[in-house]
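# Overview (structure and organization)
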Number of protein chains: 2
Amino acid sequence: MIRPLLILRLLAMPCLWMSVVQFTFGELSFMWFKDEVQHAFITPAAITFTLSLAFLFGFKKYPLPSVNIREAMLFASLTWLIVGILGAVPIITITQVSFTDGVFESISALTTTGATMLSGLDDMPPTFLMYRQFLQWMGGLGVVIFVVAILPMLNIGGMRLLKAETPGPIKDDKLSPRISNTTHYLWMVYLVITGLCAVSYYFAGMSAFDAIGHSFTTVSTGGFSTHDASMGYFKSPLILWICNLFMVLGAVNFALHYRVYIARSMILYWKDEEARTFLKIIAFVTLILALLLFQIDTEKGLWITITQTLFHVISFITSTGYAATDFGAWPAVTSIILIFVGYIGGCAGSTAGGNKVIRNIISFKSIGLEIKRLVRPNGVFSIKFQGRTISDDVRHSVMGFMCLAAMVTVLFTVLLMMTGMSFMASLSATAACLNVLGPGFAELGNNFSPLSDTGTWLMSFAMVLGRLEYFTVLVLFFPVFWRH
Amino acid sequence: MIRPLLILRLLAMPCLWMSVVQFTFGELSFMWFKDEVQHAFITPAAITFTLSLAFLFGFKKYPLPSVNIREAMLFASLTWLIVGILGAVPIITITQVSFTDGVFESISALTTTGATMLSGLDDMPPTFLMYRQFLQWMGGLGVVIFVVAILPMLNIGGMRLLKAETPGPIKDDKLSPRISNTTHYLWMVYLVITGLCAVSYYFAGMSAFDAIGHSFTTVSTGGFSTHDASMGYFKSPLILWICNLFMVLGAVNFALHYRVYIARSMILYWKDEEARTFLKIIAFVTLILALLLFQIDTEKGLWITITQTLFHVISFITSTGYAATDFGAWPAVTSIILIFVGYIGGCAGSTAGGNKVIRNIISFKSIGLEIKRLVRPNGVFSIKFQGRTISDDVRHSVMGFMCLAAMVTVLFTVLLMMTGMSFMASLSATAACLNVLGPGFAELGNNFSPLSDTGTWLMSFAMVLGRLEYFTVLVLFFPVFWRH
Ligand SMILES: [K+]
Ligand SMILES: [K+]
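Computed from a predicted model, the values in this text were never measured in an experiment.

### Structural notes on the overall build of chain A
Tallying secondary structure elements over chain A gives 19 helices and two strands in all. Relative to a compact globule of 484 residues, whose C-alpha radius of gyration would be 23 Å, chain A shows 22 Å and is just as compact. When the backbone C-alpha atoms are referred to their principal axes, chain A occupies close to 70 × 65 × 50 Å. The burial tally for chain A puts 63% of its 484 residues in the buried class. Here the analysis covers contacts within chain A between residues at least 6 apart in sequence; of these, 71% occur between residues at least 24 apart.

### A word on the coordination of the potassium ion (ligand 1)
All names here are of chain A. Coordination of the potassium ion (ligand 1) by the protein comes from Thr112 (O), Thr113 (O), Thr221 (O), Gly222 (O), Ser319 (O), Thr320 (O), Val436 (O) and Leu437 (O), over a distance range of 2.4 to 3.0 Å. Spacing between the donor residues of the potassium ion (ligand 1) along their common chain follows T-T-x107-T-G-x96-S-T-x115-V-L. With a gap of 97 residues between them, Gly222 in the loop between α7 (208-219) and α8 (237-250) and Ser319 in the loop between α12 (302-317) and α13 (332-344) connect regions that are remote in the sequence. Both residues of the pair, Gly222 and Ser319, count as buried.

### Side note on the interface of chain B and chain A
Taken together, the contact pairs 50 residues of chain B with 51 residues of chain A. Note on chain B versus chain A: buried area summed over both sides is about 4,500 Å², and carbon and sulfur give 82% of it. At the surface where chain B touches chain A, the tally comes to two salt bridges. Taken together, chain B and chain A are joined by six residue pairs in polar contact (both at pLDDT 80 or more). The element contributing the most residues to the side of chain B that touches chain A is helix α15 (residues 392-418) of chain B, with 16 residues. Looking at the side of chain B that touches chain A residue by residue, the classes come out as 35 nonpolar, six polar and nine charged.

### A short note on unusual backbone geometry
Positive phi is not limited to glycine here, since Ala442 of chain A has a value of about 55°. Here Ala442 of chain A shows up in the loop between α16 (423-434) and α17 (453-467).

### Details of the coordination of the potassium ion (ligand 2)
Residues and elements named next belong to chain B. Protein ligation of the potassium ion (ligand 2) involves Thr112 (O), Thr113 (O), Thr221 (O), Gly222 (O), Ser319 (O), Thr320 (O), Val436 (O) and Leu437 (O), the donor distances falling in the range 2.4 to 3.0 Å. Considered as a linear motif, the donors of the potassium ion (ligand 2) on their single chain read T-T-x107-T-G-x96-S-T-x115-V-L. Of the two residues, Thr221 is situated in the loop between α7 (208-219) and α8 (237-250) and Ser319 in the loop between α12 (302-317) and α13 (332-344); the sequence distance between them amounts to 98 residues. As far as the burial class goes, Thr221 and Ser319 line up, both buried.

### Some points on a nonpolar patch on the surface
Residue and element names in this part refer to chain A. Residues Trp17, Val20, Phe49, Trp187, Met188, Leu191, Val192, Leu196, Tyr261 and Ile262 make up a contiguous nonpolar surface patch of about 930 Å² in total accessible area. Listing elements by their share of the nonpolar patch, those giving two or more residues are α1 (4-33), α6 (175-203) and α9 (254-263). The leading source of residues in the nonpolar patch is α6, at five residues. Tracing the sequence through the fold places Val192 in helix α6. The exposure class of Val192 is partly exposed, given its relative accessible area of 48%.

### Quick look at the relation of the copies chain B and chain A
Superposing chain B onto chain A takes a rotation of 180° combined with a translation of 0.0 Å along the rotation axis, leaving an RMSD of 0.0 Å. Read as a symmetry element, the transformation amounts to a two-fold axis. When you check the interface residues of chain B against chain A, 100% turn up at the interface there too, and the contact is symmetric in its surfaces.

### Section: the nonpolar core
Within the largest apolar cluster, 328 residues are counted, with the highest numbers of intra-cluster contacts made by Met231 and Met459 of chain A together with Met231 and Met459 of chain B. Contact partners of Met231 of chain A, with chain neighbours within four places excluded, come to Tyr201, Met206, His214, Thr218, Ile239, Leu240, Cys243, Phe311, Tyr322, Ala323 and Ala324 of chain A.

### A look at the state of the cysteines
Counting across every chain of the model gives zero disulfides over all chains. The structure places no disulfide on Cys403 of chain A, whose sulfur is separated from the nearest cysteine sulfur, that of Cys403 of chain B, by 4.0 Å. Here Cys403 of chain A falls in the buried class, since its relative accessible area comes to 5%. For Cys243 of chain B, which is in no disulfide, the shortest distance to another cysteine sulfur is to Cys197 of chain B and amounts to 7.1 Å. We classify Cys243 of chain B as buried; its relative accessible area is 0%.

### What about the environment of Leu310 of chain A?
All names here are of chain A. Within the element layout of this structure, Leu310 appears in helix α12. On the accessibility criterion, Leu310 (15% relative accessible area) is buried. Residues Leu310 and Thr286 lie 24 residues apart in sequence; the distance between their C-alpha atoms is 5.4 Å. For Leu310, the contacting residues outside a window of four places in its chain are Trp241, Asn244, Ile282 and Thr286.

### Digging into the packing of aromatic side chains
For any pair of aromatic rings, geometry is given as the distance between the ring centres together with the angle between the planes. Residues and elements named next belong to chain A. Scanning the model with the defined rule gives 44 aromatic pairs over all chains in all. Plain terms: the ring middles of Tyr258 and Tyr261 are 6.5 Å apart, the flat faces sit at 35° to each other, and that makes the pair tilted. Of the two residues, Tyr258 and Tyr261 both sit in helix α9, three residues apart, roughly one turn of that helix. Taking relative accessible area as the criterion, Tyr261 reaches 43% and is therefore assigned partly exposed. One aromatic cluster is present, built from ring pairs that chain together Phe25, Phe41, Tyr131, Phe134, Trp137, Trp187, Tyr190, Phe216 and Phe254. The ring centre of Phe224 lies 3.6 Å from the NZ or CZ of Arg132, which sits over that ring. Above the ring of Tyr261, the side-chain terminus of Arg264 is found at 4.7 Å from the ring centroid.

### Notes on the side chain of Thr217 of chain A
On the secondary structure map, Thr217 of chain A appears in helix α7. Take Thr217 of chain A: its relative accessible area is 0%, and that puts it in the buried class.

Each value, and the rule that gives it
Residues numbered from 1 in each chain as written. Chains lettered and ligands numbered in written order. Predicted model: local features only at pLDDT ≥ 70, side-chain atom pairs only at ≥ 80, totals over all residues. Heavy atoms only, no water. Helix = DSSP H or I, 4+ residues; strand = E, 2+ residues; numbered from the N terminus. Rg over C-alpha atoms; globule rule 2.2 N^0.38 Å. Buried < 20%, exposed > 50% of the residue type's maximum accessible area, 1.4 Å probe, protein only. Contact = heavy atoms within 4.5 Å. Donors = N, O, S within 2.8 Å, 3.2 Å for Na, K, Ca; no water. Buried area = accessible area lost by both parts, 1.4 Å probe. Salt bridge = Lys/Arg side-chain N within 4 Å of Asp/Glu carboxyl O. Polar contact = N/O pair within 3.5 Å; in protein donor to acceptor, adjacent residues only side chain to side chain. Nonpolar A, V, L, I, M, F, W, Y, C, P; charged D, E, K, R; others polar. Patch = residues over 30% accessible without salt bridge, like charges linked within 9 Å, V, L, I, M, F, W, Y side chains within 5 Å. Areas by Shrake-Rupley, 256 points an atom, 1.4 Å probe, with all protein chains shown as cover. Least-squares fit on C-alpha atoms with pLDDT ≥ 70 in both. Core = buried A, V, L, I, M, F, W, Y, C linked by side-chain atoms within 4.5 Å. Disulfide = S-S within 2.5 Å. Phe/Tyr/Trp six-rings, centres within 6.5 Å; stacked < 30°, edge-to-face > 60°. Lys NZ or Arg CZ within 6 Å of the ring centre and 35° of its normal.

Everything listed is a geometric property; what it means functionally is a separate question.
As C-alpha cells, this is what we get:
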C-alpha cells in the first residue's frame, strides 16, 4: 500500500528543514556577510515554510511512524528530487544559471557529488558559497542516516550485513524508532568530526570562513570549494594532510566512529575488516600511482610526489573530488586509474560513494570461492566477513549490485555520448556522478557546463541513482513496486 | 594429484594434430598452390610429429582416460599456449614477424580472435592465407568441444546449466567417454554447416579459394580474411547476408543445432530461450544503431544503412570481427556500442566469445529478483531459465563470472595504457581480446602491430583468458590449485 498523502506529509519534513536552512542563510547574508543576496534565500524559504507546515498539519490522519518500506523507498527518491529543486532556487537567482543547471548544482550538492556548472567561484557572494557547501554537509548527514538506518532494513546490495554493526536496539523492524535512535548518535559524531576539521583547518592557515566551509565539504566527502583551484588554492601541504585525515574519517562507517568513541579505543578501526581493507587499498593504489608519476617527473622529488598522489587517491576513493593540482595534465593512465578508483568507494555507512569497500571485499571473496570450488567440486566452502559467515542472500545482493553498477555505467556513458560528448568526457562524467565523486575529464575537465540540457538531467538522475545505491531508485520503474 | 607426464602425453595429441595440419598445408603448397612455402610447414611438422609420437608412446604407463579435473584444466591452458607456439612457426618463417608477434598471430587464430599483426594480406602466399584461416576453424571446433564437453563438468561461470542441454549420456562424470561421445556429433554438425557456408559463398560470387577460407572463419566466428578490406572487398550485399546467417549459426549452441537436426524442426531454435534472446538482442541493437547512423547520414538510404548495421552488429556480437566498411570512421558512439556489444557474446556451446547470452539472461533475472525481494521482503522467489529453476550455485558462478569480466577489463586496460597506448586503443584491444572478437580502435584500428612486446604478450594472455572463460586459466595462479 502506498499512501500519496502520507508521502507528501513525509516530504514536508525535509522541505521544512530546507526552508529553515535558507532562512538562516538569508539572515547570515543580511546580518553578517552583508552581500545583499538575502532575498534569494528568504523569499523561497517563506513559501516553502508555509507549504510544508500546511502539509504537515493538514494531513494529520496519516501518522508518520506508520510508514512502510515501499513508502520509505519512494520517499527517499522523491526527497532528493524535491529538495534538489528547492535548494536550486537561490542558486538560480544568484548565479543566473538555467533551471536545469541550477537543479543539477543543487542535486550535486545534496548528493555530495560536487560536480559543478559554475566557474569564477572566488568572486561569488560568501553567503552563496557557504550555502552551497552547507548543502553538501546536510546531504552527507542525510545519507549517513539513510545508509545506516534504512538500507540495512531493505538489504539493498547486501546491506543487511550492517545491521549487526550498528549500536542500539536493532531487533526492531519498524522504521521510525530505529531512525530516531540512530539519528541521535550519528548527528553527534558527524558534528564533532566536522568541528575538529574546521578547527584544524583554521590553525593550519585557512580563514575562518574557508575553514568552516571546507570542513562541511571534507567530512561530507562532498568536495565543493570556495575557490576554482579547490584545495590547490591554499598551497599548503599541511592543509592537504589534514584534509586527507578528515576525508578518510568521513569515508569510514559512522557507526564505527561511535563504537571507537564509546570504547575509547582507536584499535577498533584496525580491527574492523572494512576500515582496515580501505586503508590497505589506499596505500596500495598510492604506491602504484606514485611510482608511475615519479617515473615520469622526477624533478618534484619523492616527498612532494607522494603527498600529491596520496591526496588525490584519497580524494577520489572517498568520492570527495577535491583537486590540489591540475591532475588533468597528468598522463592518461593516472586519470583512468583515478576514475576507476572512484568505483571502489569508501566504507558503507559513511558519506562516501562508490560501490563501497565491503562490497568489493565480498565480491573478491565470492570469486575466490568459485575458484576453490573448481578445484574441489565436493568441498564445502563459505565466505566470512568480519568473522561472520555471509549468507547466499547477501552474496546475491552484493553481486547484483556490482553488475548493475557496471551495466549502468555503460548505459549512461553511451547515452551521454548520444548527446554529443566525447567518450572520455562521457565515461568520466558518468563515473563521477554515479559514484557521487565529482570531477569530470576531457571537455568536462573544468566544469559540467558543456553538457546539453538532456545530458544535464541524465547526470542529475545518475547522481541520485548512485547516492541511493541504484536499487532504491530503480525499483520505482518496475511494475512490481506499484502493484498492490 | 597432477601428473606432469600425463599432461605431456595429453599435450602430444593436439601437437600431433597440428603437425598433420602443417604437413597437409606443406603438401598443398607444393602440389596445388605452388607458392613455394612448403618448407615453412613441412620442417616444423616433421619435428613436432616425431616428438609428439615419442611422448605419446613413451609414457604409456599414464593412460589418457585417467585424467582428472585439475589435470584437464591445466591441459586446456597449456594446449592453447603450446599449440599457439607451434602454429606460429610457419607464420614467423613466411612473414618474418618477430617471435612475439608470430605467437600473437597464432594464438589469435586458434582462439578465433582474429586480431592481426599483419597488413598487405592480399599479396601473401595463398597457402599461408588458408593456413591462417584453417587454424581458426580448428580453434573453433576445439572450443566447441571444450565448452560443450568440459565446462559443464567444471561449472565455470555457471556452465553446469548446459549439462541438461547436451544430448547423449550425461550422467557420467568421467571426462573421456563424454568427450569422445560429444566430439563425434559436434564434428559432424560443424563440418556440415561449414560446407553449406562455403557452397553459399561460392554461388554468391566468391572464388573457390575465398569461399572455402571464409567459410572456415565465418562458422568459427574467427574473422580472419584473405583481404585487408575484409568482407568489404567483395562489395556484395548478398555475401554480407550469407555471412550474417552463418555467423549467427556459428554463435548458436552446437548441441541445439544437433537437436534441430535430429528433430527436423527449425522451431526448436525459437523455443530455446538463449537462442531466442540472442536474436532479439541482435534486432534491438541493430535498430538503435541503424537509427543513430541513419540520422547522421541519410544519403545512403535506409536499406543500405540497415544492411551495414546488421552486419556489423552480428559481426561484433558473435565475436567474428569481420568488417564491411570503414566503421572506424563512424561516430564514436557507434564504436563504443559495438565494443560493449562484444561483451554480450553469442550462445554458450558455440564458437562465439563474450560473456554469452545465457549469462546475460541469468544476470538480468538475478538483478530483477533482487528488485522483487526489495518490494516483498518475505516473498519466495526463484529464477527460471528455459523452464528450469536456477540454483544458488549457478547464480553465484554466473555473477562471479560477470564481475570478473568487468574487473579484468579494467585491469588489462590500465596495464596496456602503462605500455604507452591511448585509453581508447587499450580498452578496445582488451575488449577485442577478452571477448575473442578481434578489431581494435584508435592506434590499433588497422592492426595490432603498434603494440610493444609487453603489450603483445599481455593481449595474447587476454585471448587465452577470454577463450577459456577466465576461471580455467586464473585458477592456475592460485595456490589452492597446486596444493595436494
Ligand atoms: K564528492
Ligand atoms: K573473432
